[in-house]
Amino acid sequence: MTSFDSSPQLGVWRALLALTVVFIMLATTGWTAVRQHRGDASPLEATLSAWERGRIDGRDLPDADAPAARLAHFFASLTARQSARLAARYPLAVGNMNGAPVELRYRANRIALHQARRVERDRMRDNRLSPVGKQTAERRMKRFGVMMRRHRQVLAFDPMGSGRMAEVIGDLSRARRVSVVVPGVDTNVLTFERTQRKYAAPVGMAQALYGAERGARPGTRTAVIAWADYTTPVGLGVDAATSMRADDGAERLDSLVRALPGRTPVALYCHSYGSVVCGVAAHRLPPRVTDIAVAGSPGMRSDSASGLGSRARIWAARDNDDWIQDVPHMEVGGLGHGADPVSAGFGARVVSADRARGHTGYFEPGTDSLRNFAEIGVGGYDGVRCAGGDAACREGISATSAT
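Residues numbered from 1 in each chain as written. Predicted model: local features only at pLDDT ≥ 70, side-chain atom pairs only at ≥ 80, totals over all residues. Heavy atoms only, no water.

With respect to the overall build of the chain
A count of helices and strands for the chain gives twelve helices and ten strands. Relative to its full complement of 403 residues, the chain shows a buried share of 53%. Element-wise, carbon and sulfur atoms account for 50% of the exposed surface of the chain, whose accessible area totals about 18900 Å². (Helix = DSSP H or I, 4+ residues; strand = E, 2+ residues; numbered from the N terminus. Buried < 20%, exposed > 50% of the residue type's maximum accessible area, 1.4 Å probe, protein only. Areas by Shrake-Rupley, 256 points an atom, 1.4 Å probe, with all protein chains shown as cover.)

Notes on the pattern of salt bridges
A complete count under the given rule lists 19 salt bridges for this structure. Notably, a salt bridge pairs Lys142 with Glu138, separated by 3.4 Å at the nearest N-O pair. Here Glu138 and Lys142 lie together in helix H7 (residues 131-147), a separation of four residues that amounts to about one turn. Each of Arg143, Arg152, Glu167 and Glu193 takes part in a single network of salt bridges with overlapping partners. (Salt bridge = Lys/Arg side-chain N within 4 Å of Asp/Glu carboxyl O.)

Considerations on the packing of helix H8 (residues 202-216) against helix H12 (residues 368-377)
When two helices pack together, their arrangement is captured by the angle between the axes and the distance separating the axes. Direction vectors running N to C along H8 and H12 enclose 65°, while the axes themselves pass 8 Å from each other. When the axes of H8 and H12 are compared, the pair comes out roughly perpendicular. Relative to H12, H8 is oriented so that their crossing is right-handed. Between H8, through Ala208, Leu209, Ala212, Glu213 and Ala216, and H12, the contact on the second element is made entirely by Leu370, Phe373, Ala374, Glu375 and Gly377. Its residues assigned to classes, the contact of H8 with H12 shows seven nonpolar, one polar and two charged. (Axes fitted to C-alpha atoms, helices over the stretch in contact; angles between N-to-C directions. Parallel < 35°, antiparallel > 145°, perpendicular 65-115°, else oblique. Left-handed = near helix turned anticlockwise from the far one by under 90°. Contact = heavy atoms within 4.5 Å. Nonpolar A, V, L, I, M, F, W, Y, C, P; charged D, E, K, R; others polar.)

Things to note about the state of the cysteines
Enumeration over the complete set of coordinates arrives at two disulfides. The side chain of Cys270 participates in a disulfide bridge whose partner is Cys278; the two sulfur atoms lie 2.1 Å from each other. Negative torsions about the S-S bond denote left-handed disulfides, and the value of about -90° found for Cys270 with Cys278 makes this one left-handed. Disulfide pairing places Cys386 opposite Cys393 at an S-S distance of 2.0 Å. Handedness of the Cys386-Cys393 disulfide follows from its S-S torsion of about -85°: it is left-handed. For Cys393, a relative accessible area of 3% puts it in the buried group. Cysteine pairing for the chain (bonded cysteines numbered in sequence order): 1-2, 3-4. (Disulfide = S-S within 2.5 Å.)

Considerations on helix H11 (residues 273-281)
Counting buried residues in H11 gives nine out of nine residues, a clear majority hidden from the surface. Looking at H11, one finds that the buried residues are Tyr273, Gly274, Ser275, Val276, Val277, Cys278, Gly279, Val280 and Ala281. Buried residues belonging to H11 abut strand E5 (177-182), helix H9 (238-241), helix H10 (244-259), strand E7 (266-271) and strand E8 (289-295).

Here we look at the pairing of E7
Among the six residues of E7, six are classified as buried, and the element is accordingly described as predominantly covered. Of the two faces of E7, the one carrying Val266, Leu268 and Cys270 and the one carrying Ala267, Tyr269 and His271 are both buried. With five bridges joining them, E5 and E7 adopt parallel strand pairing. Within E7, the position partnered with Val181 by the bridge is Tyr269. When E7 meets E8, the two strands line up parallel, connected through six bridges. Bridge pairing in E8 links Leu268 to Ile292. Handedness of the β-α-β unit built from E7, H11 and E8 comes out right-handed. (Pairing = 2+ DSSP bridges. Right-handed = clockwise from strand over helix to strand, strands pointing away.)

Notes on the side chain of Asp158
In this structure, Asp158 sits in strand E3 (residues 154-158). A distance of 3.1 Å separates a polar atom in the side chain of Asp158 from the backbone nitrogen of Met160. Residues within four places of Asp158 in sequence aside, it is in contact with Ser42, Pro43, Leu44, Gly163 and Arg164. (Polar contact = N/O pair within 3.5 Å; in protein donor to acceptor, adjacent residues only side chain to side chain.)

Brief notes about the packing of aromatic side chains
Scanning all chains against the criterion turns up eight aromatic pairs. Ring plane angle 80° and centroid distance 5.4 Å describe the contact between Trp51 and Tyr90, whose orientation is recorded as edge-to-face. Residue Trp51 is located in helix H2 (residues 43-53), and its partner Tyr90 is located in the loop between helix H4 (80-89) and helix H5 (91-95); the two are separated by 39 residues in the primary sequence. Relative accessible area serves as the criterion here: at 0%, Trp51 is assigned to the buried category. Taking relative accessible area as the criterion, Tyr90 reaches 8% and is therefore assigned buried. Geometrically, the ring pair formed by Phe144 and Phe157 is edge-to-face, given 5.2 Å between the ring centres and 75° between the ring planes. (Phe/Tyr/Trp six-rings, centres within 6.5 Å; stacked < 30°, edge-to-face > 60°.)

Considerations on the pairing of strand E4 (residues 164-170)
When you tally the buried positions in E4, you get six out of seven residues, the bulk of the element. Summarising the sheet, E3 and E4 pair through four bridges and their orientation is antiparallel. Paired with Ala156 across the strands is Ala166, a residue of E4. Where E3 hands over to E4, the hairpin turn is made up of five residues, of which Gly161 adopts a positive phi near 60°. Relative to strand E6 (residues 222-228), E4 runs antiparallel, the two being bridged by six bridges. Looking across to E6, one finds that Val168 is bridged to Ile225.

Right under this line is the structure:
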């Protein structure tokens, strides 16, 4: 007798269940979420428009969307004074321009943050705003004030809507290895960094990873980027159930990686919906991306690691009490994100996540997941602990491929 679990009917029932859930989301939060992402041109877009018409000492400015190498050549031809003038005149454009020197981007974004902070301060006094609106303006003003401090290295910033941001931990220009943390849903300028639940936010994740990498191999210069420079889904509505936000995020992630200075190896650490972004981006990422590690993943929009079309090593981690394990790992008509990356059939290198707790605990100090991520980040693959306690996740990694 054939069991129900192995019958074709199971797939039909799962598909119907998924569609039912999606219809409920559409009826409640889904269409609202789609509409919320339409609106006025952002300050960044306005600045880019001004850049297109701008000049510097009689020279036309290059297309802001030009390849990073061409933009890097342009900035290299400028004097320090000319670069500083452009950063002051077009701070959001320069601060978000792949190809501009990273130190100049930090400077430009500090100026942009100062301007955005003044806008929020004025909004706090606007009587047309509700008390909640004024409170949000105050929180944003304080966040921008913290991020513009001299030691902060903001690589990208857009204050429009819920906002986007990226920050570098370490010396990006001199790093021998670079790690990029890609977060998931409900990430914005206010949740980019947290005091409570510090390691559930991108900055805390990046700081923990940077510290763990230095501990794993003190002699290796590393840098970690807390990268929230894409519009993440809000809550668990339709945006989170499709690749709509991931498609744009993947393009932006690819642009970031291609513009990083030098030729250093890059490892991506993709949490929750961030793993969808990394999965969509995988086939287009340059060869310098040697490792893609996902944690608490709902799927990578692929049935297998090989199906991602990437030469990078694919790693996966999930702790025992992460609720994401109860999400149906399937894709029906664009809904859902495909196979479970920690399943045997997917073919990822599954690493231990012992001592991690819940869906956001993977970067907590003392966890196996953080330790493993650090070893991957510095190329110490022999030190990675596999989920099964054996060496299966390290198979096929030679000393040559690890460099």
